[in-house]
Amino acid sequence: MSAPASSGRLAGKVAVVTAAGQGIGRAVAERLAQEGAEVHPSDRRLDLLAGWGGPAAAALDATDEGAVAAYFERFPRVDVLVHAVGYVHQGTIEECSPADWRRSLSISLDSAYLVLAAAIPRMKAAGGSIVTIASVASSIKGFPRRAAYGAAKGGVIGLTKAVAADYLKDRIRCNAVCPGTVDSPSLRERIDDLAAQMGSRDKAMDFFVGRQPSGRFGTVEEVASVCAFLASDDAAFVTGQAVCVDGGITI
Ligand SMILES: NC(=O)c1ccc[n+]([C@@H]2O[C@H](COP(=O)([O-])OP(=O)(O)OC[C@H]3O[C@@H](n4cnc5c(N)ncnc54)[C@H](O)[C@@H]3O)[C@@H](O)[C@H]2O)c1
């Protein structure tokens, strides 16, 4: 996909993007920078941000309460926050151990609580836009073998709506982007894991592509473009929404 022409619609905005080392978070960081924002990408794995260039990239484990609080102290003001951290446990409730459950909730939901709570005080003076990356596998739709993941991402949508309601008066908008299946490094790992369980890569691909009415996976750029819209003043009247970017899964 060719890079979109810069609109400059995020010029002068300070944008913080978590889980920006690869996949959707990385595409969002790149897209916001193309649109003129001063982007601060972070990831649990700093090595993944080696190619970013410039001093703004930082190591941040978004489940670490102390690290998240310390990280946000460097920002007098945050205009845009995109929180992309998430983890997919593949399993039914019977296949989900208490440790799997706690890990899922910690990475996908607790991290959203910690990051949004640290960012909001830095957005209150001037207003801003928060985008959480949830999923259609959530309160929106049930999928096989997504018990812990669906519960965690449903929680992300609930938190997103509550934050939108609480901070409307402070001109902070908060929306969730809910992707369908998107081609990313972790999707390729999940396909490999399922192929090992099913004994066939074709069967694993059928499982994933079969969920897609469009017959294909989404791209990280297709998700990033919706995040950039929600981050910008083009979406000034949009808040508290769960926006599906899913190629028709939830028609
Ligand atoms: N790929 C999909 O099909 C899909 C679909 C719906 C939702 N999502 C969501 O989109 C987001 C990004 O997924 P993806 O598949 O593009 O990326 P990915 O899973 O390939 O990469 C995730 C990134 O998050 C980082 N990360 C993991 N735990 C972290 C933590 N505790 N703190 C900071 N960084 C951490 C990883 O180092 C990695 O760089 C996730 O929230 C995911 O649940 C993805």
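Residues numbered from 1 in each chain as written. Predicted model: local features only at pLDDT ≥ 70, side-chain atom pairs only at ≥ 80, totals over all residues.

Caption draft 1: Inspection of the overall build of the protein at higher detail. Along the backbone of the protein there are seven helices and seven strands. Beginning at the N terminus, the succession of helices and strands in the protein can be written as β-α-β-β-α-β-α-β-α-β-α-α-α-β. With the principal axes as the frame, the protein shows a C-alpha extent of 55 × 40 × 35 Å. Across the 251 residues of the protein, 46% fall into the buried class. (Helix = DSSP H or I, 4+ residues; strand = E, 2+ residues; numbered from the N terminus. Buried ≥ 20, exposed ≤ 12 C-beta atoms within 10 Å, placed from the backbone.)

Caption draft 2: Main features of the nonpolar core. One finds Leu32, Ala119, Val177 and Cys227 to be the most contacted residues of the largest nonpolar core, which totals 76 residues. Residue contacts for Ala119: discarding those within four places in its chain leaves Val16, Phe72, Val78, Leu81 and Ile130. (Core = buried A, V, L, I, M, F, W, Y, C linked by C-beta atoms within 7 Å. Contact = placed C-beta atoms within 7 Å.)

Caption draft 3: Up close: the site of the ligand. Taken together, 31 residues are adjacent to the ligand, and Ala19, Gly21, Gly23, Gly86 and Ser186 come closest. Those elements that provide at least two residues to the shell around the ligand are α1 (23-34), α3 (98-119) and α5 (185-198). When its residues are assigned to classes, the shell around the ligand shows 15 nonpolar, 12 polar and four charged. (Near = placed C-beta within 6 Å. Nonpolar A, V, L, I, M, F, W, Y, C, P; charged D, E, K, R; others polar.)

Caption draft 4: Fine view of the packing of α3 against helix α4 (residues 147-167). At their nearest, the axes of α3 and α4 sit 8 Å apart, and the two run at 15° to each other. Classified by the angle their axes make, α3 and α4 are roughly parallel. Remark: the crossing between α3 and α4 carries right-handed chirality. Taking contact as the criterion, the partners of Asp100, Trp101, Ser104, Leu105, Ser108, Leu109, Ala112, Tyr113 and Leu116 in α3 are, on α4, Ala148, Tyr149, Ala152, Lys153, Gly155, Val156, Leu159 and Val163. For the contact of α3 with α4, the residue count by class is 12 nonpolar, three polar and two charged. (Axes fitted to C-alpha atoms, helices over the stretch in contact; angles between N-to-C directions. Parallel < 35°, antiparallel > 145°, perpendicular 65-115°, else oblique. Left-handed = near helix turned anticlockwise from the far one by under 90°.)

Caption draft 5: Seen up close, helix α2 (residues 65-72). Those residues of α2 lying buried are Val68, Tyr71 and Phe72. Viewed end-on, α2 has its buried residues packed into an arc of 90°, placing them on one side of the element. Facing away from the buried side of α2, by more than 90 degrees, are the exposed residues Gly66, Ala69 and Ala70. Residues of α2 that are buried sit in contact with β2 (38-43), β3 (58-59) and α3. (Arc of directions from axis to C-beta.)

Caption draft 6: Broad picture of the environment of Glu35. As for its position among the elements, Glu35 is in the loop between α1 and β2. Owing to 24 C-beta atoms within 10 Å, Glu35 belongs among the buried residues under this scheme. When the C-alpha atoms of Glu35 and Leu10 are compared, they prove to be 5.4 Å apart, with 25 residues separating the residues in sequence. Sequence-distant contacts of Glu35, defined by excluding residues within four places in its chain, comprise Ser6, Ser7, Gly8, Arg9, Leu10 and Ala228.

Caption draft 7: Highlighting the environment of Gly158. Inspection of the secondary structure puts Gly158 in helix α4. For Gly158, a count of 16 C-beta atoms within 10 Å corresponds to the partly exposed category. Distance from Gly158 to Ala242, taken between C-alpha atoms, is 9.5 Å for residues 84 residues apart in sequence.

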